[in-house]
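# Architecture and fold: a report
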Amino acid sequence: MTPIQQCIIKKKINLKPIWLMRQAGRYLPEFRKIRKSNTNFIKLCLNSNLSSKITLQPIKRFDLDAAIVFSDILMVPYGLGQKVEFKKDFGPKLNNLNLEEISKIEEIHFLKKLLPIYKLIEKVNKNKLISKKDTIGFVGAPWTLLVYMINQCSPKKKLKENFFKDKNLIKKTLLILEKFLKIHIENQVKHGATIIQIFDSWAGLLEDKNLPDYIYGPTLNLVNFVKSLNIPVICFPRGIKNYKEYCKIVKPDVISIDYKINPQQIRKEIDIVVQGGLDPKILLTDKEKLKIEAKKYLEIFKDHPYIFNLGHGVLPETDPQMVDYLIKFVKSYY
Ligand code: 1CP
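A few points on the structure. What you see is a predicted model, and the numbers here were worked out from it, not measured in a lab. (Residues numbered from 1 in each chain as written. Predicted model: local features only at pLDDT ≥ 70, side-chain atom pairs only at ≥ 80, totals over all residues. Heavy atoms only, no water.)

This part takes up unusual backbone geometry. For R22, which is not glycine, the phi torsion reads 60° and is therefore positive. Assignment of secondary structure puts R22 in the loop between α1 (3-9) and α2 (29-36). Judged by relative accessible area, R22 falls into the exposed class, the value being 51%. Despite not being glycine, Q152 shows a phi value in the positive range, around 70°. Note on placement: Q152 falls in the loop between α8 (142-151) and α9 (167-190). (Helix = DSSP H or I, 4+ residues; strand = E, 2+ residues; numbered from the N terminus. Buried < 20%, exposed > 50% of the residue type's maximum accessible area, 1.4 Å probe, protein only.)

Next up on the list: the packing of aromatic side chains. Across all of its chains, the model carries 15 aromatic pairs by this definition. Where F163 meets F164, the ring centres are 5.1 Å apart and the plane angle is 75°; that geometry is what we call edge-to-face. The exposure class of F164 is partly exposed, given its relative accessible area of 27%. Taking 4.6 Å as the distance between ring centres and 5° as the angle between the ring planes, the aromatic pair formed by F301 and Y306 counts as stacked. Exposure class is identical for F301 and Y306. Each is buried. An aromatic cluster is present here, built from F31, F41, F70 and F86 joined pairwise through their rings. Above the ring of Y78, the side-chain terminus of K113 is found at 4.5 Å from the ring centroid. (Phe/Tyr/Trp six-rings, centres within 6.5 Å; stacked < 30°, edge-to-face > 60°. Lys NZ or Arg CZ within 6 Å of the ring centre and 35° of its normal.)

Judged by nonpolar contacts, the single largest core of 125 residues is most densely connected at L80, F110, W143, I198, I215, F308 and L326. For this core, the element with the most residues is α9, which contributes 10 residues. Each residue touching L326, except ones within four places of it in the same chain, is listed here: I18, L20, L278, L283, L290, A294, F308 and L310. (Core = buried A, V, L, I, M, F, W, Y, C linked by side-chain atoms within 4.5 Å. Contact = heavy atoms within 4.5 Å.)

Taken together, 23 residues surround the ligand, and among them R35, D72, Y148, S154 and S201 come closest. A distance of 2.5 Å separates an oxygen atom of the ligand from a polar side-chain atom of Y148. (Near = heavy atom within 4 Å. Polar contact = N/O pair within 3.5 Å; in protein donor to acceptor, adjacent residues only side chain to side chain.)

This is the structure we're talking about:
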């Protein structure tokens with residue numbers, strides 16, 4: 001059993017496994033080199049030779065306990081036929097959401113478009129480096145994908161003014177997403193993903209009264225689906241205020257906490273396995289500060305099953321040496 005599985009399933013507390021959100025990406029010079037000559041990001045994600053290589057880049061460099069599939073949550077809207085582009089210094093840009101068109105998409109067509117992602121997982125799992133580690137597959141939560149699909153770009157801090165206007169569009173899109181997210185999860189698992197993480201990066205944009213319809217209900221359905229495949233599921237509802245209520249209702253195997261939430265409070269209120277929390281900006285400071293902050297999380301969760309990670313993704317301006325220092329520090333803490 002891998003260290004992460006021992007932590008999740010056996011509730012081992014002395015292992016402190018580690019992986020980092022966005023561990024494969026722009027802070028690594030070897031990634032930037034590949035990215036430079038592959039200007040179309042979607043095409044890069046669909047090139048399983050390159051995307052499997054990128055998935056393994058951080059595993060080659062650092063003593064991490066899991067690889068995360070190099071892909072993007074927006075590959076699902078792409079699979080549903082909504083055009084997605086990643087523009088330099090702007091981020092994702094999506095075409096208008098056409099309900100009639102996405103309603104017509106059949107499973108076989110969706111799978112054909114996303115097949116290279118499943119091939120990438122197979123390739124990664126064949127590599128010796130991964131034999132005692134997990135391969136984390138992932139999806140965006142229905143709410144976060146809905147945000148991008150209707151907003152057509154990153155909401156940064158605010159949703160479009162008329163975001164909730166077309167209730168029929170929202171309701172039907174959420175149902176379509178649920179169906180295809182299950183298909184995407186199942187195929188990642190079939191091809192070798194050993195854990196699924198559900199990213200709800202824009203959970204914090206909703207008012208409390210809307211959480212049951214847009215987050216709790218749709219995410220619980222996905223969590224139950226992953227559990228039915230006998231695979232652990234990690235949820236990352238970034239920015240929500242009430243993690244305790246979220247865990248009580250959605251019941252993931254692991255809750256990944258963001259950097260704004262007080263870890264002491266989480267330790268007191270939550271009894272499931274916890275992941276993450278450390279502010280990725282700390283990696284931009286110095287080793288002394290990094291050590292103090294990482295130690296804080298290790299101490300708070302010393303008697304609790306805890307997977308070390310950040311409270312959001314590694315920032316592009318991060319020095320890989322700081323990442324190396326963090327991993328070595330966590331690994332040698334006990
Ligand atoms: O070179 C580039 O410009 C591409 C940058 C990039 C990368 C490296 C994007 C565009 N996506 C990714 C890979 C990615 N995205 C991974 C695999 C790599 C890894 O984690 O090691 C994963 C798991 C994601 C997930 C993802 N994509 C999320 C959820 C996590 C989070 O950061 O909150 C989200 C919200 C996205 C959308 C997205 N894709 C890319 C960008 C720049 C964004 C965010 C845009 C925004 O701010 O709204």
